[in-house]
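# Structure at a glance
Each chain, written out:
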Amino acid sequence: MSLHLLKLGLKGTDDEPRFFPQPGELKSHYDVVIIGGGGHGLACAYYLARDHGIRNVAVLEQGYLGGGNTGRNTTIVRSNYLTPEGVRFYDASLRLFQDLSEDLDINLFYSTRGHYTLAHSDDAMRTMRWRAEVNRHQGVESHVVDRDYVTQAIPGLDPDCGGSQPVMGALYHAPGAVARHDAVAWGYGRAAAARGVELHQKTRVTGIQQSGGRVRGVTTDRGTIECDSVISMVAGSTPIITDMVGLPTPIEIFPLQACVTEPVKPFLNTIVVSGSLHLYLSQSSRGELVMGAAVDPFVLHSTRSTFGFVEGLADNIVDLMPFTSRLRVVRQWAGMSDLTPDFAPIMGTTPLSGFYLDAGWGTWGFKATPISGKTMAETVATGRNHELIEPFRYSRFRDFELVGEKGAASVGH
Amino acid sequence: MKIIDCPVIGPRPAAEFTYGGAVGAPPVEDPTPDQLAEHVFYRAGAPGVLREWWYHRPTGRWFVLERNTATNDILRTVEPEEVAYAIPML
Ligand SMILES: Cc1cc2nc3c(=O)[nH]c(=O)nc-3n(C[C@H](O)[C@H](O)[C@H](O)COP(=O)(O)OP(=O)(O)OC[C@H]3O[C@@H](n4cnc5c(N)ncnc54)[C@H](O)[C@@H]3O)c2cc1C
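Starting from 1, residues in each chain are numbered consecutively following that chain's sequence as written. Lettering for chains starts from A, numbering for ligands starts from 1, and both go in the order in which the items are written. Since the coordinates come from a predicted model, pLDDT governs what is reported: local features require at least 70, and pairs of side-chain atoms require 80 or more to be given and counted, while whole-chain, interface and lining totals use all residues. Side-chain metrics in this entry use all non-hydrogen atoms of the structure; hydrogen atoms and water are not considered.

## Describing the overall build of chain A
Helix and strand labels come from DSSP, where a helix needs a run of H or I of at least four residues and a strand needs a run of E of at least two; each type is numbered from the N terminus. For chain A, the count of helices and strands is eleven helices and 19 strands. Taken over the C-alpha atoms alone, chain A extends approximately 65 × 65 × 40 Å along its principal axes. Within chain A, contacts between residues separated by at least 24 positions form 75% of all contacts whose residues are at least 6 apart in sequence. For accessible areas, the Shrake-Rupley method is used with a probe of radius 1.4 Å. Any residue's cover is judged against the shown protein chains and nothing else. On chain A, roughly 16800 Å² of surface is accessible, and the fraction owed to carbon and sulfur atoms is 50%. Contact criterion: two residues are considered in contact whenever any of their non-hydrogen atoms come within 4.5 Å of each other.

Structure representation (structure tokens):
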């Protein structure tokens, strides 16, 4: 035990510096107000201050920092998407992640594991070949591997899956990784606050003022603020915010659940996804199996957990990895996913001047935290969509230019 | 909501049902591109009471429920006549 720790034990922690400074009252005016203190909001605040010198920024969070989907996700970072637009965007994010720990001076436990998406049918094999081609064309390392390779690479796997849906092969994506989600939010938050950004927790936005086609300010449960720009980065609460400014969206909210088992010895050093069995898993640095599935089957604005989710998942995981029948599930939880029809986000400028949207992150937005913060910051600083996010623009549904990512995002997040 | 009151054979486990999404207005004839995009993609996404299609697989019937999407309470079964306007005329 270090001496410092002993001292703290005796003296208490009152005199220690706080991780985040306590902000005082809300100011009457900010250049930029960010709604939502999740990873995206905090990353955007950081890049606004660091790259664009925009420091008169407030992040307003109705609960606590990182308490939304940022603190609920299963932390998979990958770029093996299906469209060139998607692959380029997520690959840029993955590259930022790789040296983010040094950048933010916090250990993000970023761990490159490799990522297998199993195929149990000819159709699925075709999608894997398609993804591998698109990925490699964009310089991203993905290969199709056969059944024997998969069987050797994934310990404990029954390649016949109990006989019902034998594994035929997989898409292997070497850069696939996991990271510590809370630390991403905390690291960005601390670095933003150090550059003058104010982080206001327990501050809920209840209305948005506009006049003459421009955003003028926001109303909160702690008073009213004037501002030049508002960025909505609220994931599962997006439709509530867009209704405040009368912007229609295609977003619907579905719960997404996950669970972990009791910790066991490290045995699984890779991430495994099976679309056909509706499940994915990885082993955390604590030894727990982190497991999840696709979203719940109907719209719901709630973070309740269900027994049906664990039951369905267990039914499939014991086929894929029979020894897991001996493990106990110790924790389960849910987040609210803001799904779009094409499984791609909605980002950038909107018809309302000064109002920016970063939403539609559904089940896949944790990996995008760095690049979404960076590109949204530049978009707000210049008033024009960053080129990486132009394909995800608000108007793409009216332009009939969707970015179809369902084949790469519906079960593997 | 673990039990759904099926209008055909009474209360059944929710797992027997398939979700069909919100009941929408019928598509207009000769839509503009904007009207078409609205019809195909745009949705009322905020929490509130929605009228939704649900399908009971064992009995093979579709019907419409009013459900609060914040609390997950089912308010009532909607009579077919009330939603008939939503069925496109062929
Ligand atoms: C179970 C689960 C597993 C997932 N797994 C993965 C994965 O493996 N990989 C991956 O890339 N993604 C994954 N995701 C998706 C990912 O978690 C999200 O897309 C991402 O975290 C969104 O980040 P955010 O900062 O935009 O939103 P959030 O972290 O949800 O932050 C939004 C914040 O806005 C606040 N807010 C809302 N309304 C208001 C208001 N009116 N005023 C003030 N504040 C408000 C909320 O309190 C919240 O803290 C998963 C999600 C879930 C639920």
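## Some thoughts on the confidence of the model for chain B
pLDDT is defined as a per-residue confidence score from the predictor, taking values between 0 and 100. A residue-level look at chain B finds 91% of positions with pLDDT of 70 or above and a mean pLDDT of 88. The ipTM, which scores confidence in the relative placement of chains, is 0.92 for this predicted complex, and the corresponding pTM is 0.96.

## Regarding the domain arrangement of chain A
Residues and elements named next belong to chain A. An automatic or database domain assignment is the source of the domain bounds shown. What the domain assignment reports for chain A is domain 1 (21-72 + 182-250 + 342-406) and domain 2 (112-175 + 252-339). The interface of domain 1 with domain 2 comprises 13 residues on the first partner and twelve residues on the second. Ranking the residues of domain 1 by area buried against domain 2 places R72, G236 and T363 at the top, with a combined share of 48%. What makes a salt bridge here is a side-chain nitrogen of Lys or Arg within 4 Å of a carboxyl oxygen of Asp or Glu, nothing more. Taken together, the connections running from domain 1 to domain 2 amount to zero salt bridges. Distance and chemistry together define a polar contact, namely a pair of N or O atoms within 3.5 Å, with one atom able to donate a hydrogen and the other to accept it when in protein, and with adjacent residues in sequence counting only for side-chain atoms on both sides. The interface formed by domain 1 and domain 2 includes seven residue pairs in polar contact (both at pLDDT 80 or more). Put simply, buried area is the surface a 1.4 Å probe can reach on two separate parts but cannot reach once they are joined, added for both.

## Here we look at the packing of aromatic side chains
Think of it this way: a Phe, Tyr or Trp ring, Trp meaning its six-membered ring, pairs with another when their centres are within 6.5 Å, and the plane angle makes it stacked under 30 degrees, edge-to-face over 60, tilted otherwise. Per the stated rule, a full pass over the model turns up 21 aromatic pairs over all chains. Following the ring pairs from residue to residue traces out a cluster consisting of A:Y81, A:F89, A:Y90, A:W361 and A:F392. Sitting over the face of the ring of A:Y90, A:K367 holds its NZ or CZ atom 5.7 Å from the ring centroid. Placement of a positive charge over a ring is assigned whenever Lys NZ or Arg CZ falls within 6 Å of the ring centre and within 35 degrees of the normal to the ring plane. One cation-aromatic arrangement involves A:R398 over B:Y42; the distance from NZ or CZ to the ring centre is 4.8 Å.

## A closer look at the pairing of strand β12 (residues 223-232) of chain A
Residues and elements named next belong to chain A. Pairing analysis gives six bridges linking strand β1 (residues 29-35) to β12, with the strands arranged parallel. Within β12, the position partnered with I35 by the bridge is S232. Sheet analysis places strand β11 (residues 214-220) next to β12, joined by four bridges and oriented antiparallel. By the bridge assignment, T219 is partnered in β12 with T224. In short, DSSP must find at least two bridges between two strands for them to pair.

## Some details on helix α5 (residues 122-137) of chain A
Residues and elements named next belong to chain A. A helix's residues, less one, multiplied by 1.5 Å, set its expected span. With 16 residues, α5 extends 23 Å between its outermost C-alpha atoms, agreeing within 8% with the 22 Å of an ideal straight helix rising 1.5 Å per residue. Within α5, burial applies to A124, M125, M128, R131, A132, V134 and N135. Looking at the buried side of α5, the elements it contacts are α3 (84-98), β5 (115-119), β6 (142-146), β7 (169-173) and α11 (406-409). G139 occupies a position one or two residues after α5 and carries a positive phi of about 80 degrees. Burial classes follow relative accessibility: with a 1.4 Å probe on protein chains only, a residue under 20% of its type's maximum area counts as buried, one over 50% as exposed, and anything between as partly exposed.

## Considering the site of the ligand
All names here are of chain A. Summary of the distance rule: residues count as near a molecule or strand when at least one heavy atom falls within 4 Å of that molecule or strand. Taken together, the neighbourhood of the ligand is formed by 37 residues, with E61, N69, T70, T74 and K367 sitting nearest. At a separation of 3.0 Å, a nitrogen atom of the ligand approaches a polar backbone atom of Q62. A distance of 2.5 Å separates an oxygen atom of the ligand from a polar atom in the side chain of T70. Protein contacts shield 97% of the accessible area of the ligand, which totals 1000 Å² for the unbound molecule. For the shell around the ligand, the secondary structure elements donating two or more residues are α2 (39-52) and β13 (252-261). Each residue gets one label: Ala, Val, Leu, Ile, Met, Phe, Trp, Tyr, Cys and Pro are nonpolar, Asp, Glu, Lys and Arg are charged, and the others, such as Gly, are polar. Partitioning the shell around the ligand into residue classes produces 14 nonpolar, 19 polar and four charged. For the shell around the ligand, the domains that each give at least three residues are domain 1 (21-72 + 182-250 + 342-406) and domain 2 (112-175 + 252-339).

## A look at the sheet that holds strand β3 (residues 76-77) of chain A
Here we have three strands laid out as an open sheet, ordered β3-β8-β4 (chain A), and antiparallel in their pairing. Looking at the sheet topology across the chains shown, the edges are occupied by β3 and β4 (111-112) of chain A.

## Topic: a nonpolar patch on the surface
For patch detection, residues must exceed 30% relative accessible area and be free of salt bridges, and they are connected within 9 Å for like charges or within 5 Å for nonpolar side chains (Val, Leu, Ile, Met, Phe, Trp, Tyr). On the surface, A:L3, A:L6 and A:L10 cluster together to form a nonpolar patch covering roughly 370 Å² of accessible area. With respect to the element layout, A:L6 can be found in helix α1 (residues 3-11).

## Quick word on the environment of A:Y30
Residues and elements named next belong to chain A. Relative to the elements of secondary structure, Y30 occurs in strand β1. For the pair Y30 and G217, spaced 187 residues apart in sequence, the C-alpha to C-alpha distance is 8.9 Å. Residues in contact with Y30, not counting those within four places in the same chain, are N56, V57, A58, E198, H200, I225, E226, C227 and D228. Engagement of the side chain of Y30 in a polar contact is seen with the side chain of E198, the distance being 2.4 Å. In terms of polar contacts, Y30 uses its side chain to reach the side chain of H200, at 3.5 Å.

## Let's talk about the interface of chain B and chain A
With 18 residues of chain B at the contact, the number on the chain A side is 22 residues. Approximately 1800 Å² of surface area, both sides summed, lies buried where chain B meets chain A, with 64% of it carried by carbon and sulfur atoms. Summed over the three residues of chain B that lose the most area to chain A, namely B:Y19, B:F41 and B:Y42, the buried surface amounts to 36% of that side. Where chain B packs against chain A, one counts two salt bridges. A salt bridge links A:R398 to B:D34; the nearest nitrogen and oxygen atoms lie 3.7 Å apart. Taken together, chain B and chain A are joined by five residue pairs in polar contact (both at pLDDT 80 or more). The element best represented in the side of chain B that touches chain A is helix α1 (residues 33-41) of chain B, accounting for six residues. Of the residues in the side of chain B that touches chain A, the class split is eleven nonpolar, three polar and four charged.

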